[in-house]
Amino acid sequence: MLKDDSGYDVYYEVLAGERKTGKGLLAQAAGLRDPKKLAEIGFQEGIGFIPFAGLGWKAFKTIRKGDSSPARAAAATILADDPDPRATEALANATGDKNWIIRAAALEALAKRANPSVLSTVELYLSDQEGEVKYTAAATALRLMAIKARAVGKEKEQKQK
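Residues numbered from 1 in each chain as written. Predicted model: local features only at pLDDT ≥ 70, side-chain atom pairs only at ≥ 80, totals over all residues. Heavy atoms only, no water.

Description of the nonpolar core
1) Next: One finds L15, L79, L91, L107, V122, V133 and L144 to be the most contacted residues of the largest nonpolar core, which totals 32 residues.
2) Next: Looking at this core, the elements that each hand over two or more residues are α1 (8-16), α5 (69-79), α6 (85-94), α7 (100-113), α8 (119-123) and α9 (131-160).
3) Next: Ranked by residue count, the leading element in this core is α7, at nine residues.
4) Next: Beyond its immediate sequence surroundings of up to four residues, L79 is in contact with Y8, Y11, Y12, L15, A87, L91 and R113. (Core = buried A, V, L, I, M, F, W, Y, C linked by side-chain atoms within 4.5 Å. Buried < 20%, exposed > 50% of the residue type's maximum accessible area, 1.4 Å probe, protein only. Helix = DSSP H or I, 4+ residues; strand = E, 2+ residues; numbered from the N terminus. Contact = heavy atoms within 4.5 Å.)

A closer look at the pattern of salt bridges
Pairs can form between side chains of opposite charge whenever their charged atoms are close.
1) Next: Under the definition given, this model contains three salt bridges.
2) Next: Here R72 and D97 are joined by a salt bridge, their closest N and O atoms 2.8 Å apart. Taken together, the residues R72 in helix α5 and D97 in the loop between α6 and α7 connect sequence positions 25 residues apart.
3) Next: When its relative accessible area of 18% is taken as the criterion, R72 is described as buried.
4) Next: Its salt-bridge partner being R86, residue D84 comes within 3.0 Å of it at the nearest N-O pair.
5) Next: Taking relative accessible area as the criterion, R86 reaches 37% and is therefore assigned partly exposed. (Salt bridge = Lys/Arg side-chain N within 4 Å of Asp/Glu carboxyl O.)

Re α7
1) Next: The end-to-end C-alpha distance of α7 is 20 Å, a good match for the 20 Å that 14 residues give at a rise of 1.5 Å each.
2) Next: The N-cap of α7, judged by a side-chain oxygen 2.8 Å from the amide nitrogen of I101 a few residues on, is N99.
3) Next: Of the residues flanking the end of α7, it is A114, one or two places downstream, whose phi is positive at about 60°. (Expected span 1.5 Å × (residues − 1). Polar contact = N/O pair within 3.5 Å; in protein donor to acceptor, adjacent residues only side chain to side chain.)

Side note on the environment of K134
1) Next: Position of K134 relative to the elements: it lies in helix α9.
2) Next: Overall, K134 belongs to the partly exposed group, its relative accessible area being 30%.
3) Next: Taking C-alpha positions, K134 is 9.4 Å from E123, a pair spaced 11 residues apart along the chain.

Looking at the side chain of D97
1) Next: For D97, a relative accessible area of 15% corresponds to the buried category.
2) Next: Of note is the side chain of D97, whose polar atom sits 2.8 Å from the backbone nitrogen of N99.
3) Next: In this structure D97 touches R72, I102 and R103, once residues within four positions along its chain are discounted.

Comments concerning the confidence of the model for the protein chain
If pLDDT is low for a region, its predicted coordinates should not be looked at in detail.
1) Next: In this model, the protein chain carries an average pLDDT of 78, and 65% of its residues clear a pLDDT of 70 or more.
2) Next: No element of the protein chain has a lower mean pLDDT than helix α2 (residues 25-30), at 49, and none a higher one than α8, at 95. (pLDDT = per-residue confidence, 0-100.)

This is the structure:
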């Protein structure tokens with residue numbers, strides 16, 4: 001929000017699992033000591049920014065079980081705006097996470113980054129067992145294919161001139 005890119009490293013570490021989520025920097029920044037409460041607030045705030053209808057009720061139930069994945073999913077959502085190319089790689093790696101919430105959040109973030117080079121990774125999740133991941137992958141693939149087609153069209157126009 002402050003247009004300061006220095007915070008992206010923390011989100012990168014959280015998503016990559018290099019930094020613990022619970023009572024670490026995220027909890028201190030929010031002034032909370034309860035990781036469940038922090039994850040719930042992060043989910044509630046983040047749901048408004050999810051471009052493909054959110055993660056749904058199933059994610060909320062997972063948060064209630066004390067899962068730390070919502071903090072990692074929030075990190076993925078924030079990394080969508082990170083200008084560092086490492087973020088694309090981290091998000092592409094996160095699509096293979098064992099937790100469906102993180103897979104879906106990473107796919108949504110890749111859609112926001114609008115980088116068609118990850119299309120082959122996205123296509124791997126079109127047959128995911130979790131519906132939320134499968135549908136998010138489909139929406140992401142459609143967006144990236146449209147961006148790629150637009151780029152190819154512009155390239156052809158420039159060659160013709």
